[in-house]
Every structure is written in structure tokens, then in C-alpha cells.
Amino acid sequence: MFSVSLGQTILCIGRDKSSCESYGYNVCDYQCWENSVGEELYKLSIFNFLLTVAFAFLVTLPRRLLVDRFSGRFWAWLEREEFLVPKNVLDIVAGQTVTWMGLFYCPLLPLLNSVFLFLTFYIKKYTLLKNSRASSRPFRASSSTFFFQLVLLLGLLLAAVPLGYVVSSIHSSWDCGLFTNYSAPWQVVPELVALGLPPIGQRALHYLGSHAFSFPLLIMLSLVLTVCVSQTQANARAIHRLRKQLVWQVQEKWHLVEDLSRLLPEPGPSDSPGPKYPASQASRPQSFCPGCPCPGSPGHQAPRPGPSVVDAAGLRSPCPGQHGAPASARRFRFPSGAEL
């Protein structure tokens, strides 16, 4: 509808072109086509808001009232409308795209769209809380947010590309507007620069708009993007290594607790008044004591022949330390570097 209306207005499709031939000019060449485009964009924005209001109060509200009032298989199948977050967000994105397209043709359209967004928020809130039911599928905010931003960027590009082409290449209306004496609206910018800036500023702007500045800027942005991607990948690898190290440290601490529990004397039958449970030796992991199993560990062997060592507490240890050192003075080193 938008394309057909613009074609009828700007390209004079279905209009009488011979009404002004007696005066020596064509009527289609002297029309204010910018006003026609602005009018169509106003119509699109207003019609989009009216659709939102009509769907909320003429479709969703009566459906909720009928479902709550009547009972039956049909009404149970109909039920309340499901509130879909992606659909409602894409409606807002469509309205924002129309607003971006109308920045040049109708400057008051952003103000009108701001009022529409304010009213749309409360209409959607009422529809969600009163007339709708929760979505059956969970809303994934992480992936959906990226998708919405991508669609919004696509809408910005769709609005900026034709608008930039119109501003830089299309001749303005001959009969109305601010740029009737120029072949394109962009020609006003160099003239204002030449009139309002000193020569140094003009040379600086000319250099910023030349290829000598564009290509180094593109190369620098490519390098910055490469560095950012590499840093992100390095951070991800570092986080993965830190997680694995954390798991290893937790496992080492548990093994250390198991070894220390074996070194402590177990309470006798008369030490605890509660029920007695036999200690399960098979469930204990292997000891980390090098050379000789710790007392109470699985696979505990008889002491080897040789002189026993007396530690500082006066207890005899059946396992002499390596190189003649007592068992109580040995150090146990774990893979992370901790010593016991």
C-alpha cells in the first residue's frame, strides 16, 4: 500500500499529465513530492498505533471476557491469547524504522512516535496482566536480545541507505521546499562549510572526507576488531583453565581431608554412646603417602624390619622416613604445589 501510494503521487501513475501542458511544463515535475512522502510516513505511524489499540481492546479483551464467562470444549480450546515477546518487540522495531525514514521528510514524526511508544507501553502492560496468558515457551533473554538488536540495526540500514541516496543524488522539488535551487540537498553542506569555516577547517574537513583518511581508518578499525576478538578468545581460554584449576584444588582438599582422617585415631567402642557403624575401608581412596602407606589406609602392610622412629609426641611410627628422616618430619607435596 505504501509503495502504490508513493508511485501514484511521485511517479504520476494514473494521473493526468496534460493538465499543465498549455503552460509549457509538466505537472509531475513541479509537485512537492517530499510532502507526499512525509504524509505517507505519518499515515504509516498513526495506522500502526491504531492497530495496536484496536487489537488490544477489540480482539484480546473480548476474547478474554468470553473465555472467562463461558465454559466448554471450544472455549477451553480458544483460551486466552498467548503473549509473545518477540512479536511485540518486532512491532516496536517496525515503528522505529518508519520514524528513522521520516527524519528528513517530517521532522515532527519522532515526537509523535515518542508519544505513541509511551501509550503503547501501558496498553501492552494492561494486555499482558489482564487479557493474556504466559507463553508456553520460555523466553531466552540472552539470545533474543542479540536478535532484536540485529533486527533494529537492519531497520536502521534499511532507513539510512535510501535516505542517504535521496539526500545526495535526488533533485528536490522545483516548486516548494528549502532546496529548490540545488540539484541535491547535500550541496548545501559544502557551501555552508565554505562560508562559515576558516581555510584550515576546510582543509581538515576535506582531508577527513578523502580516501587518504578513509583507508587508514578502515585498516585501524580492522586491527582494533582483530585485537578485541583475540582478547575475547584468550579470556575465554583463561576462564576455562581457572575452572579446571578450581576443580583440581577442590579434589586435592578432599583427598587431604581423607588422609588426615586416617592419621587421627579412631574412637573405640566405648568412646561414643551412639550406634556403631563399621568403617568401610573399601570406599576410601588410596593414600598419597609416598613410599609407605599411612596408618589406616587401604593396603596397609606390616612394618618393614628396621629401627622404629619415635616422633615428638612419643609415639612409635612403623614407617621410617626416606633418607633416614622420621615419618612425622616428611613433607607431602601435591600437584598444585601445596605441602603437608
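Residues numbered from 1 in each chain as written. Predicted model: local features only at pLDDT ≥ 70, side-chain atom pairs only at ≥ 80, totals over all residues. Heavy atoms only, no water.

- Identification of the protein chain as Transmembrane channel-like protein from Homo sapiens is taken from an unreviewed UniProt entry.
- Looking at the Subcellular location (unreviewed entry) heading of the UniProt record, one finds this comment for the protein chain: "Membrane". (UniProt positions renumbered as here; feature names shortened; annotations may be inferred.)

### Brief notes about the overall build of the protein chain
Here is step 1 of the chain: Looking only at helices and strands, the protein chain features 9 helices and 4 strands.
Here is step 2 of the chain: Traced from its N-terminal end to its C-terminal end, the protein chain shows the element sequence α-α-α-β-α-α-β-α-α-α-α-β-β.
Here is step 3 of the chain: Burial statistics for the protein chain: of 340 residues in total, 22% are counted as buried.
Here is step 4 of the chain: The contacts in the protein chain between residues at least 6 apart in sequence include a share of 57% that link residues at least 24 apart.
Here is step 5 of the chain: Accessible area for the protein chain stands at about 24,900 Å²; split by element, carbon and sulfur atoms hold 67% of it. (Helix = DSSP H or I, 4+ residues; strand = E, 2+ residues; numbered from the N terminus. Buried < 20%, exposed > 50% of the residue type's maximum accessible area, 1.4 Å probe, protein only. Contact = heavy atoms within 4.5 Å. Areas by Shrake-Rupley, 256 points an atom, 1.4 Å probe, with all protein chains shown as cover.)

### Some details on the UniProt feature "transmembrane region" (unreviewed entry) in the protein chain
Here is step 1 of the chain: Taking the UniProt record as the reference, the feature "transmembrane region" (unreviewed entry) is found at residues 41-61, 102-123, 144-165 and 213-234.
Here is step 2 of the chain: Structurally, residues 41-61 is divided into 100% helix and 0% strand, and its ends, taken at the C-alpha atoms, are 29 Å apart.
Here is step 3 of the chain: Secondary structure within residues 102-123 divides into 68% helix and 0% strand; the distance between the first and last C-alpha atoms comes to 25 Å.

### Some details on the packing of aromatic side chains
The description of an aromatic ring pair rests on the distance of the ring centres and on the angle between the ring planes.
Here is step 1 of the chain: The final tally for this structure, using the stated rule, is 12 aromatic pairs.
Here is step 2 of the chain: Ring geometry for F104 versus Y105: centroids 5.3 Å apart, planes at 80°, classification edge-to-face.
Here is step 3 of the chain: Taking the relative accessible area as the measure of exposure, F104 reaches 27% and is therefore partly exposed.
Here is step 4 of the chain: Cluster of aromatic residues (ring-pair linked, three or more members): W33, F104, Y105 and F179.
Here is step 5 of the chain: In this structure, K87 packs its charged tip against the face of F55, placed 5.6 Å from the ring centre. (Phe/Tyr/Trp six-rings, centres within 6.5 Å; stacked < 30°, edge-to-face > 60°. Lys NZ or Arg CZ within 6 Å of the ring centre and 35° of its normal.)

### Regarding the pattern of salt bridges
Here is step 1 of the chain: Counting across every chain of the model gives 6 salt bridges.
Here is step 2 of the chain: Linking K43 and E40 is a salt bridge whose minimum nitrogen-to-oxygen distance equals 3.6 Å. Taken as a pair, K43 and E40 lie in helix α2 (residues 33-69) at a separation of 3 residues, close to a single helical turn.
Here is step 3 of the chain: The partly exposed category is assigned to K43, whose relative accessible area is 49%.
Here is step 4 of the chain: Residue classification places E40 among the buried positions, given a relative accessible area of 10%.
Here is step 5 of the chain: Connected through shared salt-bridge partners, E79, E82 and R133 make up one network. (Salt bridge = Lys/Arg side-chain N within 4 Å of Asp/Glu carboxyl O.)

### Considerations on the nonpolar core
Here is step 1 of the chain: In this structure, W33, V37, L41, V98, Y105, C106, L109, L163, V166 and V167 together form the largest nonpolar core, which totals 10 residues.
Here is step 2 of the chain: Setting aside its immediate chain neighbours within four residues, Y105 contacts W33, E34, V37, G38, L41, L163 and V166. (Core = buried A, V, L, I, M, F, W, Y, C linked by side-chain atoms within 4.5 Å.)

### Describing the environment of F55
Here is step 1 of the chain: Its place among the elements puts F55 in helix α2.
Here is step 2 of the chain: Residue classification places F55 among the partly exposed residues on the basis of a relative accessible area of 40%.
Here is step 3 of the chain: Note: C-alpha distance between F55 and T127 (72 residues apart in sequence) is 9.8 Å.

### Some points on a nonpolar patch on the surface
Here is step 1 of the chain: Where nonpolar side chains cluster on the molecular surface, the patch consists of F146, L150, L153, L156, L157 and V161 and spans about 580 Å² of accessible area.
Here is step 2 of the chain: Within the fold, L157 resides in helix α6 (residues 141-169). (Patch = residues over 30% accessible without salt bridge, like charges linked within 9 Å, V, L, I, M, F, W, Y side chains within 5 Å.)

### Focus: unusual backbone geometry
Here is step 1 of the chain: For E79, which is not glycine, the phi dihedral falls at a positive 45°.
Here is step 2 of the chain: With respect to the helices, strands and loops of the structure, E79 is situated in the loop between α3 (73-78) and β1 (81-82).

### Observations regarding helix α4 (residues 85-101)
Here is step 1 of the chain: With 17 residues, α4 extends 25 Å between its outermost C-alpha atoms, agreeing within 8% with the 24 Å of an ideal straight helix rising 1.5 Å per residue.
Here is step 2 of the chain: Listed as buried for α4 are N88, V93, G95, T97, V98 and T99. (Expected span 1.5 Å × (residues − 1).)

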